[in-house]
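Notes for the structure review
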2 protein chains.
Amino acid sequence: MWGGKALLLSLYGTCIFLSATGQDPADSIFIRKIFDIALENLESYTWLKELCSIAPKRLSNYADYFKAVAWAEEKGLKWMGLTVERQPVWVPNWYRGNPEVALLEVSGRTFPLNAAALGGSAAGHVRASVVGFATLEALELAPTSLVQGKIVFINQGFDPHPVETGTSYGMAVGSRRNGPAVAARKGALACLIRSMTHARDDYPHTGMTVFPDSVTPIPALALGMVSADTLWAVIKSQKEHTLFIETFCRQGPDTLSFNVVGEWKGKEKPGEFIVVGGHLDAWDTGSGAHDDGAGCIHAMMALRLLQKAGYTPRRTLRFVLFANEENGLRGAEVYYKLSYQRGEVHVAALESDAGGFTPRGFRYENNPTRAALLQDFLPLLMPYGISFFRPGGSGADLIPFRKETDCLLLGYSPDSQRYFDHHHAATDTPEHVHPRELELGSACIAALIYLLDKYLP
Amino acid sequence: MWGGKALLLSLYGTCIFLSATGQDPADSIFIRKIFDIALENLESYTWLKELCSIAPKRLSNYADYFKAVAWAEEKGLKWMGLTVERQPVWVPNWYRGNPEVALLEVSGRTFPLNAAALGGSAAGHVRASVVGFATLEALELAPTSLVQGKIVFINQGFDPHPVETGTSYGMAVGSRRNGPAVAARKGALACLIRSMTHARDDYPHTGMTVFPDSVTPIPALALGMVSADTLWAVIKSQKEHTLFIETFCRQGPDTLSFNVVGEWKGKEKPGEFIVVGGHLDAWDTGSGAHDDGAGCIHAMMALRLLQKAGYTPRRTLRFVLFANEENGLRGAEVYYKLSYQRGEVHVAALESDAGGFTPRGFRYENNPTRAALLQDFLPLLMPYGISFFRPGGSGADLIPFRKETDCLLLGYSPDSQRYFDHHHAATDTPEHVHPRELELGSACIAALIYLLDKYLP
């Protein structure tokens, strides 16, 4: 589509592609317009700060979540003039309660450890010695007698070798997700894990742990990295020690929450949909700035930038802010079920759930034929930092969309180096988001939505 | 060289390229080895913190600079086992002296402004009203009568539109470089400029300003962004006001400084050289972590990683830490002159002077034939974040190398979004460098040096 001999005009150090053989020069001009509007206003960061200050603790069952819903509705309705829908979703009802306590007693001294209960953790107070395992696998292989009546600590760190930090996360996260249940099955009184991060600070990184129905939940906590190193050193020293843990979590019956969906009706094919989404819920340790405040802002701002640039969509464009990605994925199921009942057809769906960092590329799945088209978009997006479309996962909230085999699924893939420094931790706050990096993400997604709407068959 | 059908093996989420048609599979395996060593140890960050704590204020004539020289020599000699040379360089001898003062008096109140003298500024104390100009061009066009006896303020900010922040810098930096001399020529008593940054904080960003011999220097200062906005608002209000400025700069006769050059003799062609460099001097506002501590570490660590990976160089590899990039480029001239006198041939020279951020690509100049080869390297470096080799400037210290038309000149080009947030400001400290991002830069440069040494004709 953009083949042939190209004439390059330099504008602001980027390029405008003009070609005599098939490419529409309007594309690069319109995309430059999107970026101009974006970079002049840096509105994404203003919106992100609003969301994170109005509703910092927004697990989908928390009071703050409903403030986030109201905020998103107002932005969608009043600022963007969209039709906005609130979709009821029944979500798990876990609360952290009071801050958790972890005190390590060794050689007559007490060392407080920085810990955060994992989502799904039971409440409890436990005083016991700790048995340590380097990996989840080592715990799985351990005899019950070694674990029974003890506190388990799984010190499985991030592998430093992968360039993409998400790869290290994928390799290690089983210890958080499944470790506490394995420990509970073997009779452990509580389970601690090393946080899922490359960071060397002492902020614990929470996240979901899963206790199957057959297992009675126990207190389960993540330790900051310094605390994890301390505890590991004590265990390795074989010195006598005791760990006191107290968690105050509560688990109630499922409760009502909401997806927020904003809709911009298409002119030519209003019955075909392009979805751009993020998840509105976030862990309660920080204020969910990168995970996934950034993704929500990307989704909303992508449509807003297209509006401001004077675009008229062919298909119906929707931003979807999913409830409960962090501990249930219930919002995604509800959105998709409602959409299916209405007989809607999705031609593409994109999620941003990898942070608000500098643009790198997009990952895609589900429809190889449509995906082939993406490579033709590259020359138009390269001046803005997009250097690849690669196969791979799109986004957790897009899993239900896989049933629609025609639908192209995409995930925004910004630079990954800093993401897990903040992910699910107290430092996931707007100060760690860079206004221009965030804005470039919004504009890259807006540009891609424009190209998909125009060129997808 | 890497054409033909490629078999992809996934390792740590990256790819090993194996091909039946001409490519040497040893390359991707060796490059992966470099990155493994780098990411396991994150030694670059440790070295950077050392440099910035031992010698934070290291303009090439400052006392700290000689501590930096000693540190670099020790690293080169003892840690890397290289032959290390100290090259004498006569450098300008400007000192900031005591911290500068800028007090804005308006409506009976005094507002302190955050200011930093520019390199080359005169000492002085001035009390006068301020005349403001939106651009350097507006100042150039102004009648002398408007400026005489006043303090000039040039409020020329960064253009928000360019994606690459270096483009905005290039567009605006004339106001810092030439503005004070233009103001002095028109009879101004002092000159202030808006800092060269996209940041919205109030740290002033210093840098070099040039007073030609025909112009008597005046006090010249950069203002932080909040201070600049404040001053601009007062000027626009047309309210009566006075600005008091005091600077304590000293300028002495040229003084002795040094380049530090570490050499690793090549086995096959010891008379051919590949240079990898950064500049050891830095502005005295922060500790020169990104500019250009990162570049020095990149250069040294690139050779160290090749050593640790067991490499035997064909050509002679040199790290060159140039003196006086910031206010004279004298180190580069001396290095090149000495090298020319010895009849040395450079096949390639690379400078890292754009910060320690996440890798993006390399820019090249000077030898189109050799540059063509670079595109063949791309598939080997893409798994590590290198997505382009683009024509463009290499590095200020490589300007003298342009005389050698066979020499390929390269500049490391990491992500630019955050660079000018810290450039020449108090926040250019190791806390704003990310250990993995810095290390990936060292490893990318090591990998490129390996490929250049192997494949350059």
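Throughout, a residue's number is its position along its own chain's written sequence, starting from 1. Naming scheme: in the order in which they are written, chains are lettered from A and ligands are numbered from 1. Since the coordinates come from a predicted model, pLDDT governs what is reported: local features require at least 70, and pairs of side-chain atoms require 80 or more to be given and counted, while whole-chain, interface and lining totals use all residues.

**Details of the overall build of chain A**
Here is the rule: Put simply, DSSP H or I for four residues or longer makes a helix, DSSP E for two residues or longer makes a strand, and each gets a number counted from the N terminus. Between the two quantities, the radius of gyration covers C-alpha atoms and the globule rule is 2.2 Å times the number of residues to the power 0.38. Counting other C-beta atoms within 10 Å of each residue's C-beta, where C-beta atoms are placed from the backbone, gives the exposure class: buried for 20 or more, exposed for 12 or fewer, partly exposed between. Contacts are defined on C-beta atoms placed from the backbone: any two residues whose C-beta positions lie within 7 Å are in contact.
A tally of regular secondary structure across chain A gives 14 helices and 19 strands. Relative to the 2.2 N^0.38 estimate, which gives 23 Å for 457 residues, the radius of gyration of chain A is 23 Å and therefore close to what a compact globule would have. The principal-axis extent of the C-alpha atoms belonging to chain A is close to 80 × 40 × 35 Å. Buried positions account for 55% of the 457 residues belonging to chain A. Put simply, of all contacts in chain A between residues at least 6 apart along the chain, 80% involve residues at least 24 apart.

**Considerations on the sheet that holds strand S18 (residues 388–391) of chain A**
Residues and elements named next belong to chain A. Quick note on the threshold: What makes two strands pair is DSSP finding at least two bridges between them. Each axis is a line fitted through C-alpha atoms, and for a helix only the stretch in contact is used; angles between axes span 0 to 180 degrees, taken between their N-to-C directions.
Strand order in the open sheet made by the eight strands is S3-S13-S15-S14-S16-S19-S17-S18, with mixed pairing throughout. The two strands at the open ends of the sheet, each matched to only one other strand, are strand S3 (83–95) and S18. Ignoring strand direction, the axes of neighbouring strands in this sheet form an average angle of 25 degrees. Both strand S14 (residues 269–279) and strand S15 (residues 315–322) contribute to a ladder of eight bridges, which runs parallel. Its bridge partner being in S15, Ile274 is matched across the sheet by Leu317. Across the sheet, helix H11 (residues 330–341) lies against S3, strand S13 (250–264), S14 and S15, angled at about 145 degrees from S3, the strand it touches most. Relative to the sheet, helix H14 (residues 435–455) contacts S14, S15, strand S16 (345–351), strand S17 (361–365) and strand S19 (408–413), its axis offset from that of S14 by approximately 160 degrees.

**As for the sheet that holds strand S6 (residues 115–117) of chain B**
Residue and element names in this part refer to chain B. Within the open sheet, the five strands sit side by side as S6-S11-S10-S9-S8. Their pairing is mixed. Single-partner strands in this sheet number two, and they are S6 and strand S8 (130–133). When the angles between neighbouring strand axes are averaged without regard to direction, this sheet yields 25 degrees. Its contacts with the sheet place helix H9 (residues 225–237) against S6, S8, strand S9 (151–154), strand S10 (190–194) and strand S11 (220–223), and it is angled at close to 105 degrees to S8.

**With respect to the domain arrangement of chain A**
For an interface, size is often stated in terms of accessible area lost upon the parts coming together. All names here are of chain A. Note the threshold: These domain boundaries are the output of an automatic or database domain assignment. Throughout this entry, Asp, Glu, Lys and Arg are counted as charged residues, while Ala, Val, Leu, Ile, Met, Phe, Trp, Tyr, Cys and Pro are counted as nonpolar. The remaining residues, Gly among them, count as polar.
By the assigned domains, chain A splits into domain 1 (6–93 + 253–455) and domain 2 (97–248). Counting residues at the interface gives 14 residues for domain 1, matched by 16 residues for domain 2. Residues belonging to the side of domain 1 that touches domain 2 are distributed by class as follows: five nonpolar, seven polar and two charged.

**So, helix H11 (residues 330–341) of chain B**
Residues and elements named next belong to chain B. For clarity, the cut-off: Given the number of residues in a helix, its expected span is that number minus one, multiplied by 1.5 Å.
Between its first and last C-alpha, H11 extends 17 Å over twelve residues, near the 16 Å set by a 1.5 Å rise per residue. For H11, every residue scored as buried is listed here: Arg330, Gly331, Ala332, Val334, Tyr335, Tyr336 and Ser339. Where the residues of H11 are buried, they touch strand S3 (83–95), strand S13 (250–264), strand S14 (269–279) and strand S15 (315–322). Just downstream of H11 lies Gly343, where phi reads positive at about 70 degrees.

**Comments concerning the environment of Gly328(A)**
Residue and element names in this part refer to chain A. Here Gly328 lies in the loop between S15 and H11. For Gly328, a count of 22 C-beta atoms within 10 Å puts it in the buried group. Spatially, the C-alpha atoms of Gly328 and Trp90 are 9.9 Å apart, while their sequence positions differ by 238 residues. Contacts of Gly328, omitting those with residues within four sequence positions, involve Val91 and Pro92.

**Some words on the relation of the copies chain B and chain A**
Heads up, the rule is: We place the copies in one frame by least squares, fitting the C-alpha atoms of every residue whose pLDDT is at least 70 in both.
By a simple turn and slide, chain B fits onto chain A: the slide is 0.0 Å along the axis, the RMSD is 0.0 Å, and the turn is 180 degrees. The relationship between the two copies is best expressed as a two-fold rotation axis. Of every C-alpha in chain B, the one belonging to Ser387(B) sits nearest the axis of rotation, 3.2 Å from it. Looking at chain B, 100% of its interface residues are interface residues in chain A too, so the copies touch through the same face.

**Description of the interface of chain B and chain A**
Tallying the contact residues gives 24 residues for chain B and 24 residues for chain A. Listing elements by their share of the side of chain B that touches chain A, those giving two or more residues are helix H1 (25–41) and helix H14 (435–455) of chain B. No other element matches H1(B), which puts three residues into the side of chain B that touches chain A. Partitioning the side of chain B that touches chain A into residue classes produces seven nonpolar, ten polar and seven charged.

**Some words on H9(B)**
Residue and element names in this part refer to chain B. Over its 13 residues, H9 extends 18 Å from the first C-alpha to the last, a length consistent with the 18 Å expected when each residue adds 1.5 Å. Residues Met225, Ser227, Ala228, Leu231 and Val234 constitute the buried set of H9. Backbone geometry just downstream of H9 places Gln238 in the positive-phi region, at approximately 60 degrees.

**A short note on the environment of Glu73(A)**
Residue and element names in this part refer to chain A. Residue position: Glu73 is located in helix H3 (residues 63–79). Judged by local crowding, Glu73 falls into the partly exposed class, with 19 C-beta atoms found within 10 Å. Measuring from C-alpha to C-alpha, the distance between Glu73 and Met300 comes to 11 Å, with 227 residues separating the pair along the chain. Not counting residues up to four positions away in its chain, the partners in contact with Glu73 are Val84, Arg86 and Val260.

**Looking at unusual backbone geometry**
The peptide bond linking Asp291(A) to Asp292(A) adopts the cis configuration, its omega dihedral lying at 5 degrees. Checked against the element boundaries, Asp292(A) lands in helix H10 (residues 289–308). For Gln238(A), which is not a glycine, the phi torsion comes out positive at approximately 60 degrees. A count of 7 C-beta atoms within 10 Å places Gln238(A) in the exposed class. One non-glycine residue, Leu42(B), lies in the positive phi region at around 45 degrees.

**Here's the deal with the confidence of the model for chain A**
Residues and elements named next belong to chain A. As a reminder of what qualifies: pLDDT expresses how confident the predictor is about each individual residue, on a scale running from 0 to 100.
Chain-level pLDDT for chain A is 94 on average; 95% of the residues reach the 70-or-more range. The low-confidence segment residues 1–22, where pLDDT is below 50, has 47 contacts with residues more than four positions distant or belonging to other chains. Overall fold confidence for the complex sits at a pTM of 0.95, while the interface term, ipTM, reaches 0.94.

**So, the packing of helix H1 (residues 25–41) of chain A against H14(A)**
All names here are of chain A. The condition is simple: Oblique is the label for any angle not covered by the other classes, which are roughly parallel (under 35 degrees), roughly antiparallel (over 145) and roughly perpendicular (65 to 115). With the far helix as reference, a near helix turned anticlockwise by less than a right angle produces a left-handed crossing, and one turned clockwise produces a right-handed crossing.
Closest axis-to-axis distance for the H1/H14 pair is 9 Å, and the angle between their directions is 155 degrees. Overall, the two elements H1 and H14 adopt an arrangement that is roughly antiparallel. Taken as a pair, H1 and H14 cross one another with a handedness that is right-handed. Residues Phe30, Ile31, Ile34, Phe35, Ala38 and Leu39 of H1 form the contact with H14, whose own contacting residues are Glu439, Ser442, Ala443, Ala446, Ala447 and Tyr450. For the contact of H1 with H14, a count of residues per class yields ten nonpolar, one polar and one charged.

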